[in-house]
Amino acid sequence: MTTLRLRPEGPADTGPVRRVLAAAFARPDVAAPPEVGLVEELRAGDAWIPELAMVAEYGGEVVGYALLTRVRVKSDRGSAWALTLGPVAVAPHRQKLGHGTAVVQAALDAATELGERLVVVLGSPAYYRRFGFSRADRMGLTSPWSGLGEPWQALVLPPATSDAPPPPRGEVVFPPPWAKV
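Because the structure is a prediction, the values reported are computed rather than measured.

Trainee: Before we move on, could you go through the pairing of strand 9 (residues 170-173) and cite the residues and values that matter?
Mentor: Strand direction decides the pairing type here: strand 3 (residues 61-75) and strand 9, joined by three bridges, are antiparallel. Looking across to strand 9, one finds that Arg 72 is bridged to Val 173. By the bridge criterion, two bridges tie strand 7 (residues 141-142) to strand 9 in an arrangement that is parallel. Among the inter-strand pairings, Thr 142 is bridged to a residue of strand 9, identified as Glu 171.

This is how it looks when you write it as structure tokens:
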């Protein structure tokens, strides 16, 4: 019986992850979707956290991907680190089988284990609500996408200790590669 295996991305996964992203985000007007370049640039930058780049493997093939990388939340009291989720991709021939949900949950679980407190995402409210995401603007978080309303979402992860500070509020600043998407 073949089962879905969830694990952090390794060096040998670069090509397979590229193929999954290219297939999942394929558009007739571009040779390579911008999400492919985004991941490659994030890998090379300070926002990258290797433990939070998760792959879903089925039958020895990488079929899903979920990435959490660093963002900064700036407020009048200073700044704090948070995470952004994306891109999330599943190979077209494995979509609608729960692989996307599984790989996103694995990434969120890994972030919780690392003591992270806040994740933001721009995406389908119907999809991301299943993980506990809700409108980010109602949590005091702004970004270039705040005006989109419901698709701009955030999730507060469980604290590592009972005396953990509340999650940050303010303007979410994304690493430069995000400006190209």
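So that's the structure; there's more coming.
Trainee: Summarise the nonpolar core; cite the residues concerned and give the values.
Mentor: One broad trend across soluble globular proteins is that nonpolar side chains are buried collectively. Counting residues in hydrophobic clusters, the biggest one holds 53 residues, and the most contacted among them are Tyr 65, Leu 68, Leu 85, Phe 133 and Leu 141. With eight residues, the top contributor of residues to this core is strand 3. Leaving out residues up to four positions away in the same chain, Phe 133 has contacts with Leu 85, Leu 108, Val 119, Val 120, Val 121, Tyr 128, Gln 153, Ala 154 and Leu 155.

Trainee: Provide a residue-level description of helix 3 (residues 99-113), including the pertinent values.
Mentor: In this model helix 3 runs 21 Å from its N-terminal to its C-terminal C-alpha over 15 residues, within 8% of the 21 Å that 1.5 Å per residue would give. For helix 3, every residue scored as buried is listed here: His 99, Gly 100, Ala 102, Val 103, Val 104, Ala 106, Ala 107, Leu 108, Ala 110 and Ala 111. Gly 115 lies just past helix 3 and shows a positive phi near 85°.

About the cut-offs
Residues numbered from 1 in each chain as written. Predicted model: local features only at pLDDT ≥ 70, side-chain atom pairs only at ≥ 80, totals over all residues. Heavy atoms only, no water. Pairing = 2+ DSSP bridges. Helix = DSSP H or I, 4+ residues; strand = E, 2+ residues; numbered from the N terminus. Core = buried A, V, L, I, M, F, W, Y, C linked by side-chain atoms within 4.5 Å. Buried < 20%, exposed > 50% of the residue type's maximum accessible area, 1.4 Å probe, protein only. Contact = heavy atoms within 4.5 Å. Expected span 1.5 Å × (residues − 1).

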